[in-house]
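Observations on the model geometry
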Amino acid sequence: MPAVSDAEDTAVRAKQIPEAAVARLAVYLRILSGLAEQGTTAVSSEELSAAAGVNSAKLRKDLSYLGSYGTRGVGYEVQVLVSQIERILGLTRQHRVAVVGIGNLGHALANYGGFPGRGFPVEALFDLDADLIGVPVGGLPVSHMDDIPRVCSEREISVGIIATPPTAAQSVCDRLVAGGVQCILNFAPVVLQVPAHVEVRKVDLAVELQILSFHVARRADSAASAGSAGENQGNTGLPGTGGSADNGSTGGGRNGAGTDGGLGMVVR
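Let me sum up the structure you'll find in this document. (Residues numbered from 1 in each chain as written. Predicted model: local features only at pLDDT ≥ 70, side-chain atom pairs only at ≥ 80, totals over all residues. Heavy atoms only, no water.)

A closer look at the pattern of salt bridges
The final tally for this structure, using the stated rule, is 6 salt bridges. Here arginine 24 and aspartate 62 are joined by a salt bridge, their closest N and O atoms 2.7 Å apart. With arginine 24 in helix H2 (residues 19-37) and aspartate 62 in helix H4 (residues 56-64), this pair connects stretches of sequence that are 38 residues apart. Taking relative accessible area as the criterion, aspartate 62 reaches 2% and is therefore assigned buried. Aspartate 146 serves as the salt-bridge partner of arginine 175, at 3.0 Å between the closest nitrogen and oxygen. Of this pair, arginine 175 sits in helix H9 (residues 166-178) while aspartate 146 sits in the loop between strand E6 (140-144) and helix H8 (148-154); the two residues are 29 residues apart in sequence, bridging distant segments of the chain. Classification of arginine 175 by relative accessible area gives partly exposed; the value is 26%. Ionic contacts of the salt-bridge type, sharing partners, join the residues Asp147, Arg150 and Glu154 into one network. (Salt bridge = Lys/Arg side-chain N within 4 Å of Asp/Glu carboxyl O. Helix = DSSP H or I, 4+ residues; strand = E, 2+ residues; numbered from the N terminus. Buried < 20%, exposed > 50% of the residue type's maximum accessible area, 1.4 Å probe, protein only.)

This is the structure we're talking about:
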């Protein structure tokens, strides 16, 4: 049987990893990179899972996709795990990025210094505004959107970020694809039509805020319901017993100790 190369083995493993696990691997990598910068050489599954906000069993399952099982009593070698995750996420080579739409969001993305260090250097900027064409943003001159296919092809851009109004997003997407871009991060609140070989990730900030609003409203409703139940319970004292059953000193009533001994914290 012919030997399997590292690249072939990585490709096989990558196909077996669920989408949700991929997102968690990216979180693990961020944490592990921070540990490596601090000089930490080993980390236990309990420590890493706590920092990532997942249970240790799920973390061990995620890392098993990499072929990494750690060492009992020692844990995982930080640098080895960083290398394994970077390889499976395709971060062993750089992915050149283009940002389209240099408004407030586009400016922020173009100036963000964290992309190059993680293997995503911003190599091209595009906009329609004549006042922006040729103006450097984050050290790069802004090009016209008509030049997207040519510039992306010449600079071998593999990731396109769309930060345009929704009406322009599909047209921009088509130009990026024509320039050979294989992955698109879309901030416009529209669904894009792309060929099967192009990957799209959508970031809709309004939807995320609406989801947060739902959780705030649900907790407020729960608190209101609990308060109403407490009032009803407080009025259950029987005539002639000397008071309500809720204000006793047994410690089991709603006014007793033990119900707010600390705030439960979770990592998101």
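Observations regarding the sheet that holds strand E7 (residues 159-162)
Taking strand neighbours across the sheet as the criterion, the 7 strands line up as E5-E6-E4-E3-E7-E8-E9 in an open arrangement whose pairing is mixed. Strand pairing shows two members of the sheet lacking a second neighbour, strand E5 (136-137) and strand E9 (199-202), which therefore form its edges. In terms of strand pairing, strand E8 (residues 183-186) meets E9 through 4 bridges, oriented parallel. Its bridge partner being in E9, asparagine 186 is matched across the sheet by lysine 202. (Pairing = 2+ DSSP bridges.)

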